[in-house]
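Listed here are the chains, written in short residue letters.
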Amino acid sequence: MKRTLTTHDLPALMTGIMATLAAIGIARFAYTPLLPAIIQEGWFTASQGAYLGAANLLGYFIGALAAHSLSERFSHRLVMAASFAGIALSFVLCAGAGSFLWFFFWRLVSGVAGAILMVVGPSIALAATPPERRTRVGALVFTGIGFGALLSAFIVPLLLGLSLSVTWGTLGLLCIAAGLLCDYFLQQQGVAHLASPITASPRVNSPTGGAGVKIIVMLVVGAYALDAIGFVPHTVFWVDYLARENVLGNQAASLQWGIFGLGALCGPFMVGALAQRVGWQGGLMIAFAAKAAAVLLPVFSLALLSQSVSSFMVGAMIPGIVALTSGRLAELVGPTAHKKLWGQATAAFAAAQAVAGYAMSALYGAWGSYTSLFAISGLILVAGFLMVLLSRGVQQRHAHLSTQQSSKHATQHSTNQGKQ
């Protein structure tokens, strides 16, 4: 079977890329290099800035809970257009100093809209892609996260040279452009028909494939939720940690955010190749181990090489683990059931992320330092790795029991035939 991408995959792929670009790449990651400037300009205190970052995480949880039901009730085109508009407005309407509650509300809206795009966009891409090419497409749709991070790393510092207001407004315009491109590709042949969930690709596996599969799914989703905690320090505090706490300055911190963005862009390509060699399950184990080591690295060393390795590997494994988890769940339950389960997984991720965001903001307020937060997150990622490892054990045991049962049935069948 042909596994390389074709021009027929482009509409589905670009729909997914534009969705993840706006959902995380801009709505979430563009705020990270903005945080030091917001504090330095006196718009908000360091503690308020951290809570505004956490507002996006809370919105992400709300959006993840609502995404599946909204996409079942309304057309995908309408749901996605409204989400792009919400993210664009969250930037445009904050392009000037305002009250904390005003900014909190719009950061919340950007999180809600981002989660909806993250659930619906990749699911559309997977359902519109033939099974033999889903591994590649399922990974590449998350390159949008990396494009957004890379874009924010290089554009935000340049725009900040003009003004903070211009920066917020320009990011809103970028979201509008991404939304228009997404809408164009969504209407192309092979994707537009997915406006109704009934016409999606047929289910490959049953989502209720026995207790073994349910346990595996629960463990994978649980590990994904733990990944959300490990995800917080680098995506919310990394630039501020380097620029202000370690007095490295905005330029050095922006360089690290650029390396982070480069990693986020490379991550889906890396895990796509990895998944084709060792499968979704094996790739997920390797990704968790690599991310745990990279998050813990700044605790032991802040040399330039250590910063750069940490920035690149965490950047790469953020969309990498998202892609691998999405692919693993699709492998377990099939593309039709994937959207609902992926919505539930995203909600679990978002809940853990929101709690971690607020908890870490509170801990930073109490401790006045980010260092311990990286240590906590690294250890949580080690726990996530152990859950993925356990899921492999459950799968192997489930497969062994299934083989034994098949052998037993075959033996009984032969015995019955012999008696006849």
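As the structure is a computational prediction, the values presented were derived from the model and not from experiment.

A. Representation of the overall build of the chain within the structure. When helices and strands are tallied, the chain shows 13 helices and zero strands. What you see in the chain, going N to C, is helices and strands ordered as α-α-α-α-α-α-α-α-α-α-α-α-α. When each of the 420 residues of the chain is scored for burial, the buried share is 55%. Contacts in the chain between residues far apart in sequence, at least 24 positions, make up 85% of those at least 6 positions apart. Element-wise, carbon and sulfur atoms account for 67% of the exposed surface of the chain, whose accessible area totals about 16,500 Å².

B. Inspection of the pattern of salt bridges at higher detail. This structure, assessed with the given rule, holds four salt bridges. R77 is the salt-bridge partner of D183, the closest N and O atoms lying 2.7 Å from each other. Here R77 lies in helix α4 (residues 76-92) and D183 lies in helix α8 (residues 164-186), a separation of 106 residues in the sequence. D183 sits in the partly exposed class, given a relative accessible area of 22%. With a closest N to O distance of 2.6 Å, D227 and K291 form a salt bridge. Here D227 is found in helix α9 (residues 210-245), whereas its partner K291 is found in helix α10 (residues 249-300), with 64 residues between them in sequence. K291 gets classed as buried once you look at its relative accessible area, which sits at 0%.

C. Here's a closer look at the packing of helix α2 (residues 31-40) against helix α3 (residues 46-73). Running from N to C, α2 and α3 cross one another at 155 degrees; their axes reach a closest spacing of 9 Å. The angle between α2 and α3 places the two elements in the roughly antiparallel class. Considering only the axes of α2 and α3, their crossing is right-handed. Counting all contacts with α2, which are made through Y31, L35 and I39, the residues of α3 involved are A46, G49, A50, L52 and G53. Residues of the contact of α2 with α3, tallied by class, amount to six nonpolar, two polar and no charged.

D. Seen up close, the environment of G63. By the secondary structure assignment, G63 is in helix α3. G63 sits in the buried class, given a relative accessible area of 0%. Distance from G63 to G111, taken between C-alpha atoms, is 7.0 Å for residues 48 residues apart in sequence. If sequence neighbours within four positions are ignored, G63 has contacts with V112, A115 and I116.

E. Main features of a nonpolar patch on the surface. A cluster of nonpolar side chains, L89, V92, L93 and W102, forms an exposed patch at the surface whose accessible area comes to about 330 Å². On the secondary structure map, V92 appears in helix α4. For V92, a relative accessible area of 38% gives the class partly exposed.

F. Representation of the side chain of T143 within the structure. Tracing the chain through its elements places T143 in helix α7 (residues 143-160). Sequence-distant contacts of T143, that is, excluding residues within four places in its chain, are made with I17, L265, P268 and F269.

G. Seen up close, the nonpolar core. In this structure, F29, W168 and L329 are the most contacted members of the largest nonpolar core, which totals 129 residues. Considering each element in turn, this core owes the most residues, 21 residues, to α9. Those residues in contact with L329 that lie beyond four places of it in its chain are V217, V220, V221, G334, H338, L341, W342 and A345.

Reading the values: the criteria
Residues numbered from 1 in each chain as written. Predicted model: local features only at pLDDT ≥ 70, side-chain atom pairs only at ≥ 80, totals over all residues. Heavy atoms only, no water. Helix = DSSP H or I, 4+ residues; strand = E, 2+ residues; numbered from the N terminus. Buried < 20%, exposed > 50% of the residue type's maximum accessible area, 1.4 Å probe, protein only. Contact = heavy atoms within 4.5 Å. Areas by Shrake-Rupley, 256 points an atom, 1.4 Å probe, with all protein chains shown as cover. Salt bridge = Lys/Arg side-chain N within 4 Å of Asp/Glu carboxyl O. Axes fitted to C-alpha atoms, helices over the stretch in contact; angles between N-to-C directions. Parallel < 35°, antiparallel > 145°, perpendicular 65-115°, else oblique. Left-handed = near helix turned anticlockwise from the far one by under 90°. Nonpolar A, V, L, I, M, F, W, Y, C, P; charged D, E, K, R; others polar. Patch = residues over 30% accessible without salt bridge, like charges linked within 9 Å, V, L, I, M, F, W, Y side chains within 5 Å. Core = buried A, V, L, I, M, F, W, Y, C linked by side-chain atoms within 4.5 Å.

Such coordinate-based values are descriptive only and should not be taken to indicate function.
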